[in-house]
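Residue-level structural notes
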Amino acid sequence: MNWDDETTAETEPRLVGGAADGEDQAVEAALRPKSLAEFVGQERVREQLDLVLKAALARGATADHVLLSGAPGLGKTTLSMIIAAEMNAPIRITSGPAIQHAGDLAAILSSLQEGEVLFLDEIHRMSRPAEEMLYMAMEDFRVDVIVGKGPGATAIPLELPPFTLVGATTRAGLLPPPLRDRFGFTAHMEFYEPVELERVIHRSAQLLDLDIEAEGAAEIAGRSRGTPRIANRLLRRVRDYAQVKADGLITREVAAAALGVYEVDSRGLDRLDRAVLQALLKLFGGGPVGLSTLAVAVGEERETVEEVAEPFLVREGLLARTPRGRVATPAAWAHLGLVPPQQGTSGQQGLFGA
């Protein structure tokens, strides 16, 4: 239940991808928690945000602007909706790519109600002119609307009602410091532990009226890459399998068999992830090998390997990026059940050196 909408470099839908497709968005609307008390995981963020919102309510003021960063699928959009609900305020949702001109932003800001929450997804992708207008809006609740062109242009100040901006980004480092500094509260959302994902899965199963055993939930959680959105997507696919082949009951065996059909292994790797590792190990002896060469061996675009497969493999400790190229770790050899060649033997492994 904790997800957000985000685009990625994925060229095709992936069962273990972080981006939300149409089916995800439809299901998430029904499963999203409505309050901080219902929100699973992110304990530190929830505690800090609870203090911020309760203090604002006690003062009778709008909450400080909030910046949420983290990987896709961790709950940024969900938290923005919870912020609005906790503040008893309406919410307006838009995204950085949708705001290409300062006038687009001015139109949105000028129509806000007092206390309204403006959720700006992918805020790092907003155009520079709109970004500069946002500085003044966040700090002074005012924007200057330019009327006319050339020497005769006139700036007309437009007062805005107090509002709360909630910005979401997967790349906080791309935000310019002047924008980042105007947020009163910033939070980085971490990947979930398996036990937290089990709670997510049990809650979703209850809402979807599914029968699931604790071991079945644990099996799904262990393959969900620490991401609630992926956990719920896998749960729906396991549900399909269980309804057709297991009388609807989700056990550990049923979950493992179902995810085997969908090529999601015990650590959450899918076909693309394993193809990258197999090419690195079997064709290049574990590396080092250049990214372009590895992409050709896998039959994928360079950007797909770098932006889609590699981040998770690096986070799992299966692959390392070095100045000399990509290198497989001992964990990668063990996961695929292969034995690394001896140092100094012929092949790519000898490139490691003594």
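These lines cover the structure that appears in this document, whether it is placed above or below. Treat the numbers as computed from the prediction; the structure is a model and nothing was measured.

Counting secondary structure elements, the protein contains 14 helices and eleven strands. Classification of the 354 residues of the protein by burial places 50% in the buried group. Of the contacts formed within the protein by residues at least 6 apart in sequence, a portion of 71% connects residues at least 24 apart. As presented, the protein carries roughly 16,100 Å² of accessible surface, and 52% of it is formed by carbon and sulfur atoms.

Quick look at the packing of aromatic side chains now. Aromatic ring pairs are described here by two measures, namely the spacing of the ring centres and the angle between the planes. Overall, the coordinates contain one aromatic pair when judged by the stated rule. With centroids separated by 5.5 Å and ring planes inclined at 80°, the aromatic side chains of phenylalanine 141 and phenylalanine 163 adopt a geometry described as edge-to-face. Of this pair, phenylalanine 141 sits in the loop between α5 (128–140) and β4 (142–147) while phenylalanine 163 sits in the loop between β5 (154–159) and β6 (164–169), and the two are 22 residues apart along the sequence. For phenylalanine 141, a relative accessible area of 22% gives the class partly exposed. A cation sits over an aromatic face here: arginine 315 above phenylalanine 191, 3.5 Å from the ring centre.

On to the side chain of aspartate 273. Considering the arrangement of structural elements, one finds aspartate 273 in helix α11 (residues 271–283). Ignoring sequence-local partners within four residues, the contact set of aspartate 273 consists of Arg14, Arg225, Gly268, Ala309, Phe312 and Leu313.

Those residues of helix α4 (residues 102–110) that fall on the buried side of the exposure criterion are Leu105, Ala106, Ile108 and Leu109. One side of α4 carries all its buried residues, which in axial view fall inside an arc of 165°.

Conventions adopted
- Residues numbered from 1 in each chain as written.
- Predicted model: local features only at pLDDT ≥ 70, side-chain atom pairs only at ≥ 80, totals over all residues.
- Heavy atoms only, no water.
- Helix = DSSP H or I, 4+ residues; strand = E, 2+ residues; numbered from the N terminus.
- Buried < 20%, exposed > 50% of the residue type's maximum accessible area, 1.4 Å probe, protein only.
- Contact = heavy atoms within 4.5 Å.
- Areas by Shrake-Rupley, 256 points an atom, 1.4 Å probe, with all protein chains shown as cover.
- Phe/Tyr/Trp six-rings, centres within 6.5 Å; stacked < 30°, edge-to-face > 60°.
- Lys NZ or Arg CZ within 6 Å of the ring centre and 35° of its normal.
- Arc of directions from axis to C-beta.

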